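# Overview (structure and organization)
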Amino acid sequence: MDIGTSYAAGNFFGPVTIGGRIAVGWPCRVGAVPRLAHGRQPRPADDLLADAVAGGGTAVVCQVLAGMGGVGKTQLAANLAENLWQAGTVDLLMWVTVGSRDSVLNTYAQAAADITGAGDPDPAQAAQRLLAWLAGTDRRWLVVLDDVADPQDLAGLWPPDTPSGRTVVTTRRRDTALLDGRRLVDVGVFTKQEAADYLRGRLGDSPHRLDEADQLAADLGFLPLALAQAATYIRDQDLTCAGYRRRLSRKRLDRLHPKTLPDGQQQAVAETWGLSIELADTDTDGLAGIVLQLAAILDPNGIPANLFTTTAALGHYRQRLDREVDGDDAHDAGRALYRLGLADSIGLADSTTDPDGAGLLRVHALVQRVVREATPEPQQPTLAHTAAEALLELWPGIERDNTTTRLGQLLRANTTTLADVTGDHLWHTLTGADDTHAVLFRAGLSLGDIGLVVAARDHYERLQADGMRLLGPDHPGTLAIRYNLAVWRGEAGDPAGAAMAFEQLLADRVRVLGPDHPDTLISRGSLARWRAAAGDLAGAAAASEQLWADFLRVLGPDHPDTLSTRNNLAYQWGAAGNEAGAVAAFEQLLADRVRVLGPDHPSTLTARGNLALWRGAAGDPAGAAAAFEQLLADSVRVLGPDHPDTLTARHNLAQWRGEAGDAAGAVTAFEQLLADSVRVLGPDHPDTLTTRGHLAGFRGEAGDPVGAVTAFEPLLADFLRVLGPDHPDTLTTRHNLARWWGEAGDPIRAVAAFEQLVADFLRVLGPDHPSTLIARSNLAEQQGEAGDPVAAATAFEQLLADFLRVLGPDHPNTLTIRSSLALWSSEAADDWDEYLPDDDAYWPSWS
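So, how was this worked out
Position labels on residues start from 1 in each chain and follow its written sequence. Selection of residues for local features in this predicted model requires a pLDDT of at least 70, selection of side-chain atom pairs for listing and counting requires 80 or more, and totals for whole chains, interfaces and linings are taken over all residues. Just so you know, side-chain values use all the structure's heavy atoms and leave hydrogens and water out. Secondary structure elements are taken from DSSP: a helix is a run of H or I of four residues or more, a strand is a run of E of two residues or more, and numbering for both begins at the N terminus. Computation of the radius of gyration draws on C-alpha atoms alone. For the globule rule, the value is 2.2 Å times the number of residues to the power 0.38. Working definition: with a 1.4 Å probe on protein chains only, accessible area under 20% of the residue-type maximum means buried, over 50% means exposed, and in between means partly exposed. Note on contacts: a residue pair qualifies if any of its non-hydrogen atoms lie within 4.5 Å across the two residues. Only the protein chains shown count as covering a residue, and every accessible area follows the Shrake-Rupley method with a 1.4 Å probe. At least two bridges found by DSSP between two strands is the condition for calling them paired. Lines fitted to C-alpha atoms define the axes, with helix axes restricted to the stretch in contact, and inter-axis angles between N-to-C directions lie between 0 and 180 degrees. Ring geometry is summarised as follows: Phe, Tyr and Trp rings, the Trp one being its six-membered ring, pair when their centres sit within 6.5 Å, and such pairs are stacked at plane angles under 30 degrees, edge-to-face over 60 and tilted between the two. Any Lys NZ or Arg CZ that is within 6 Å of a ring centre and within 35 degrees of that ring's normal is treated as a charge sitting over the ring. Lining residues are those with an atom within 4 Å of a point, where the points come from a 1 Å grid over the protein atoms alone and group into cavities, where a 1.4 Å probe fits but cannot get out, or pockets, open sets with protein on both sides within 12 Å along at least five of seven lines. Grid points are joined across faces, edges and corners, and a volume is the space filled by probe spheres set on the points. We call Asp, Glu, Lys and Arg charged. Ala, Val, Leu, Ile, Met, Phe, Trp, Tyr, Cys and Pro are nonpolar, and the rest, Gly among them, are polar.

## Observations concerning the overall build of the chain
Within the chain one finds 35 helices and 10 strands. A globule of 847 residues ought to have a C-alpha radius of gyration of about 29 Å, yet the chain, at 36 Å, is considerably larger. The buried share of the chain, taken over its 847 residues, is 53%. Long-range contacts, defined here as pairs at least 24 residues apart, represent 66% of the contacts in the chain between residues at least 6 apart. Summed over its atoms, the accessible surface of the chain is roughly 35200 Å², and 51% of this surface lies on carbon and sulfur atoms.

This is the structure in structure tokens:
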């Protein structure tokens, strides 16, 4: 029989009285063990706890089950207690619901009276008598201290450590004093499978109710308490999981609990964490609640802990509390949330953020939702902007190594959550004006910088839809979003689409901002750039010449944007075949950048790189290599060895060493560069993939065409996976693989590959794009190598007409086509083994 706190009962064989009381029989239960939940799922912690309690000898005799409210700590303890009782392995099972110190004293006093048969009017003395009995008895006992809210309530009342006794504590807290000398058992939420099994057990009698059950479990963060109340609500309201999810997306959480809570639960989910929040706030003079409000609008999977000590965050605390708050105060507030089970983990506020380490704060999604729904509406815009400014403070300037790349990933995830849960607040200033917060742009730039160009494009497509809806088509913020979308559309492999988007944007910026506005002029420059990338080299150069004149008139000759326009114009001259003109222009530009910006400015270093590149293209590869060697030394000194521009300088140095005749040296340099690119940028960054392409090509040039093929085949698979089949870099890789199939002695396979490639170049880039023309020339070359010189000569004859029309009679590639036509026409194919230079596809774009 169970015995509670106001009566005694047990298993005994006859009434025996001591001082008028009936002595207890053995085995004995004291206190009411909560009933096990309907449909309760076995959990790994059940076995872990049972093994710990069963251990003898040197086993830790007190187990502390700690976790946030609603994870099922009490159920774990109750399951253990009932199993031990049913197995007959305990003589005394005592369950104490710890509401306060008085509650513990009264329960101990009643247990002492029931067990010893002697009452005591002083609960404190009775409790000490019970503890003494527990320490001295050889009977096997288990004491469960359920829901310890304040460890101080147990001061002097902890059950003793004895070989025959065990203590289990359930609590939301993780105070050091609570855990010292005791074993911590962290209790988390359900696994995905446990949640699925639970919902199937509760709702499976009507299978249609399980529609979207897995998604519902994820929506509720796999929290057992939330799943139990949701299942009951679904049955009460005759819903499905999908129907509950629809309500969850529209209604407050406190409106979605059943009228009668299941399994004897005392609180709805929305009320579960109220006391913990209140205690944390009390312990920190109101600061912990504000920290939790910030955390509630960020990523539940992890927030950099040092976000809460940024200048933006500290300023917000001071404004809200009207007192001084420093980083130590914010750190302590975070620790209070951790100790009270409101934050899963937190590291030192000034630690290096590490998504796998201690530098994160994690708050369960339902705790976040409860906090958000309780946050007064007037506070919400300021909180959103504070979080956004704090994220910007943490964002690294360049995500160039594992640490900064992981940090960037964290910040992007937090920006996504912030944008999702704060409504339109990031689209308005705190004074109410329409505007787009910079953090939304920074997240897109971050994606592009690490090579996720398709994701960057998709990010700006979503922003454009929001900007059109919230700001209107002519707002500067919407126009800025369209600009970035066009850029990343081009970088994702659609240069023609980028040029078209810039053409439309330019018309709108001229109409809205005027022809001489800096943003309008910059749009013209980008339009010229993407026209060139789409194959219109002459048109791009002409547009850049006109733009340069306007920049001179509007901003003057020394303005950085004027100098950048000269840079792009010189580059386009070179791409259009005027390498000597490009060299002369870059020499003049370099002198002006040294004068205006200084010799070590990054733009000056870029000008030096472009000058070296076009010197090489103009016929001086050895001079280009020497210039890049000097540039590399300065880049390392000014920017550091792992800066992307330093890696680009190394890339170009290796390239021009190879072009100057040292193919083996180029292979060695590219091997070393590849290792560093993988380390700094990651294996899937487009620059890393391009380095692999150059390494493969120079292996072939060094006399190993089979090795080139072996390297290009997996590289093509990676380009397809990362950038897709129609990206120009993917097509270029197919081009080079086909070439080296031919060089490796399989011209028939090369011809077939080039035929397919030409069709795709025509479809993606159009008939007049230089890459399409070069692919056609290589197809013609391989047709000759495969034994069909007539087909080769015919193809070169058609090609010559197109090269003359597109590039003009003096372009180096046009001259090469003339030579090839003459050679194949004279059937001297066996003596001709040169290909059109396809290295242009690998020249990094200096800008």
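Read on for the rest.
## Some remarks on the environment of Ser603
By the secondary structure assignment, Ser603 is in helix 25 (residues 602-617). Residue classification places Ser603 among the partly exposed positions, given a relative accessible area of 23%. Here the alpha-carbon distance between Ser603 and Arg593, two residues 10 residues apart in the chain, equals 7.3 Å. With sequence-adjacent residues up to four places away left out, Ser603 is seen in contact with Arg593 and Leu597.

## Brief notes about the side chain of Asp46
Residue position: Asp46 is located in helix 1 (residues 44-54). Residue Asp46 is classed as buried on the basis of its relative accessible area, which comes to 12%. Apart from the residues lying within four places of it in its own chain, the contact partners of Asp46 are Arg40, Gln41, Leu76 and Asn79.

## Description of the environment of Glu271
Looking at where Glu271 falls in the secondary structure, it is placed in the loop between helix 9 (241-250) and helix 10 (274-283). Judged by its relative accessible area of 44%, Glu271 is partly exposed.

## Some details on the environment of Leu199
Note that Leu199 resides in helix 6 (residues 192-203). The class of Leu199 is buried, set by a relative accessible area of 0%. Spatially, the C-alpha atoms of Leu199 and His735 are 54 Å apart, while their sequence positions differ by 536 residues. Sequence-distant contacts of Leu199, that is, excluding residues within four places in its chain, are made with Gly204, Leu210, Ala213, Ala217, Leu227 and Ala231.

## Quick notes on the sheet that holds strand 7 (residues 165-171)
Spatially, 6 strands are ordered 3-5-6-7-4-8 in an open sheet, and the strand pairing comes out parallel. With one partner strand each, in any of the chains shown, strand 3 (28-30) and strand 8 (183-186) form the two edges of the open sheet. Pairs of neighbouring strands in the sheet enclose a mean axial angle of 15°, with direction left out of account. Of the pairings in the sheet, the one linking strand 6 (residues 141-148) to strand 7 comprises 6 bridges and is parallel in character. Counterpart to Val148 in the pairing with strand 7 is Thr171.

## Remarks on the packing of aromatic side chains
The tally for this structure, following the rule as stated, stands at 7 aromatic pairs. Here Trp26 and Trp133 contribute two aromatic rings whose centre-to-centre distance is 5.6 Å and whose plane-to-plane angle is 5°, an arrangement assigned as stacked. With Trp26 in the loop between strand 2 (21-22) and strand 3 and Trp133 in helix 4 (residues 123-136), this residue pair connects regions lying 107 residues apart in the sequence. With a relative accessible area of 21%, Trp133 lands in the partly exposed category. Its end group placed over the ring of Trp85, Arg29 keeps NZ or CZ at 5.2 Å from the ring centre. We note Arg182 situated over the ring of Trp158; from NZ or CZ to the ring centre the distance is 3.6 Å.

## What to know about empty space enclosed by the protein
Following the criterion strictly, the structure yields 5 cavities of 30 Å³ or more and no others. Put simply, the largest cavity is a space of about 60 Å³. Taken together, Leu220, Ala226, Gln229, Ala230, Tyr244, Leu253, Leu256, His257, Val269 and Ala270 make up the full set of residues lining the largest cavity. Residue contributions to the lining of the largest cavity peak at 3 residues, all from helix 8 (residues 224-237). Grouping the amino acids of the lining of the largest cavity by side-chain chemistry returns 8 nonpolar, 2 polar and no charged.

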